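Coordinates in review
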Amino acid sequence: MDFSSDTAAPAHPSVLEALAKANEGPAASYGNDAVTAELRGVLENVLETEDFDFWLCASGTASNALALSCFCPPTGAVLCHAGAHIAVDERGAPEFFSGGGKLQLLGGPQGQISEDALRDALARINHDFVHETPAHVLSLTNLTENGTAYPAETVRHYAALAHETGLDVHLDGARLANALVHTGATPAQMSWKAGVDVLCLGLTKTGAIGCEIIILFGGARKKFAELKARAKRSGHMPPKMRFLAAQALAMFEDGLWLDLAATANQRARQVADVLCRKPSTELTQPVHGNEVFVRLDDDLVRRMRDAGATFYPWPDGSYRLVTSWNTPQDTIDALSGLVD
Ligand SMILES: *Cc1c(COP(=O)(O)O)cnc(C)c1O
């Protein structure tokens with residue numbers, strides 16, 4: 001019973017097959033290969049646009065930090081939620097990659113920046129006052145760290161507010177597929193159509209081995225040369241890029257990534273429903289994706305641990321249970337047996 005993380009899940013077999021298929025003879029390196037070229041065409045369909053450039057990374061932290069560093073100068077700041085992965089879980093990588101850019105933390109319930117907090121922060125930006133650190137980027141996360149999904153309309157609204165103030169908009173989509181499945185938005189609606197300038201589209205947690213796509217849209221494409229230079233300088237220029245591209249091709253084929261996310265989301269719903277059969281259980285966040293945040297009584301926690309269930313405590317005294325494409329129905333049934 002593994003509810004520790006979707007990073008603990010195996011890769012989907014289609015991804016491994018795609019790697020074997022890409023493993024034919026020599027191919028040009030650093031993204032100049034046929035598999036990466038094929039991915040470009042597939043992304044044009046997935047994103048419903050040709051107006052983008054992309055780069056492949058093996059970790060979400062690298063993709064976030066690289067992406068942000070192209071938009072936030074060392075003397076600037078990034079607006080993000082106080083619980084954002086970039087603020088809490090990246091060991092200062094965004095600050096490091098940007099050469100000292102600051103993260104300015106905003107509040108709001110359910111892991112989502114509140115409109116008031118965003119408006120306040122935007123209103124305070126003053127590039128002429130040398131003592132403060134003006135924000136250059138708004139970073140949103142979808143799913144959020146609390147497992148909730150921003151609707152595409154909110155992303156669009158927040159992006160419009162940010163653009164009015166001259167900021168660029170970054171979207172951390174380590175669990176984008178889960179958010180898309182929950183909201184019903186298309187990748188385009190949740191990204192460039194909503195005003196996102198740079199998207200970190202994660203496929204690792206969804207079912208790849210390690211594949212994160214940084215996508216620069218529209219006017220942000222002027223940062224592509226800088227992005228590549230920064231990728232090289234920081235050691236995130238995979239020579240055999242075809243094997244990253246192959247993972248993405250497998251994930252996008254016939255919408256596999258969304259199917260896998262739908263399964264993961266459904267399993268999380270089941271976990272929540274099973275746990276909530278106990279009156280003492282309290283969901284601390286709505287379940288939108290593949291994460292369940294929940295208060296559990298100590299007796300149930302002990303029984304779950306004794307049965308070999310793995311899951312992490314959350315700082316507020318609750319627990320986080322994460323499902324994946326690979327969480328079997330058996331696991332839900334076994335959990336169910338422990339609750340009654
Ligand atoms: C997991 C995650 C990442 C990336 O983490 P890595 O371990 O570096 O791949 C980024 N953002 C969010 C919101 C995440 O949940």
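Residues numbered from 1 in each chain as written. Predicted model: local features only at pLDDT ≥ 70, side-chain atom pairs only at ≥ 80, totals over all residues. Heavy atoms only, no water.

So, the domain arrangement of the protein chain
Note the cut-off: What marks off one domain from the next here is an automatic or database domain assignment. Whether two residues are in contact is decided by their heavy atoms: any pair within 4.5 Å suffices. The quantity reported as buried area is the accessible area (1.4 Å probe) lost by two parts once they are put together, taken as the sum for both. Within this document, salt bridges are pairs made up of a side-chain nitrogen of Lys or Arg and a carboxyl oxygen of Asp or Glu, the two lying within 4 Å of each other. Two N or O atoms count as a polar contact when they lie within 3.5 Å, although within protein this holds only if one can serve as hydrogen donor and the other as acceptor, and sequence-adjacent residues are included solely when both atoms are side-chain atoms. Starting at the N terminus, helices and strands are each numbered in turn, a helix being any DSSP run of H or I of at least four residues and a strand any DSSP run of E of at least two.
As assigned here, the protein chain comprises domain 1 (13–254) and domain 2 (256–339). Using only C-alpha atoms to locate each centre, domain 1 and domain 2 end up separated by 28 Å. Domain 1 puts 28 residues into the contact, and the matching count from domain 2 is 19 residues. Broken down residue by residue, the surface that domain 1 buries against domain 2 is led by N146, N178 and V181, which jointly contribute 23%. For the interface between domain 1 and domain 2, the tally reads one salt bridge. A salt bridge links R175 to E291; the nearest nitrogen and oxygen atoms lie 3.4 Å apart. Viewed at the interface, domain 2 and domain 1 are joined by eight residue pairs in polar contact (both at pLDDT 80 or more). Those elements giving two or more residues to the side of domain 1 that touches domain 2 turn out to be α1 (13–22), α8 (176–183) and α11 (242–252).

Comments concerning the packing of α8 against helix α12 (residues 256–275)
Convention followed: Only the stretch in contact is used when a helix axis is fitted, and all axes are lines through C-alpha atoms; the angle between N-to-C directions ranges over 0 to 180 degrees. In these notes the angle categories are as follows: under 35 degrees is roughly parallel, over 145 is roughly antiparallel, 65 to 115 is roughly perpendicular, and the rest is oblique. When residue character is reported, Ala, Val, Leu, Ile, Met, Phe, Trp, Tyr, Cys and Pro are called nonpolar, Asp, Glu, Lys and Arg charged, and the others, Gly included, polar.
Contact geometry of α8 with α12 gives a least axis separation of 8 Å together with a crossing angle of 75°. With respect to α12, the axis of α8 lies roughly perpendicular. Contacts between α8 and α12 involve L176, A177, N178, L180, V181 and H182 from the former and W257, L258, A261, A262, A264 and N265 from the latter. Considered class by class, the residues forming the contact of α8 with α12 number nine nonpolar, three polar and no charged.

Some details on the environment of M304
Inclusion rule: For each residue, the accessible area found with a 1.4 Å probe, counting protein chains only, is set against the maximum for its type, and the residue is called buried under 20%, exposed over 50%, and partly exposed in between.
By the element assignment, M304 lies in helix α13 (residues 298–306). On the basis of relative accessible area, M304 is assigned to the buried category, the value being 0%. Along the primary structure M304 and G31 are separated by 273 residues, whereas in three dimensions their C-alpha atoms are 46 Å apart. Setting aside anything within four residues of it in sequence, one finds M304 in contact with L275, L296, A309, F311, L321, L335 and L338.

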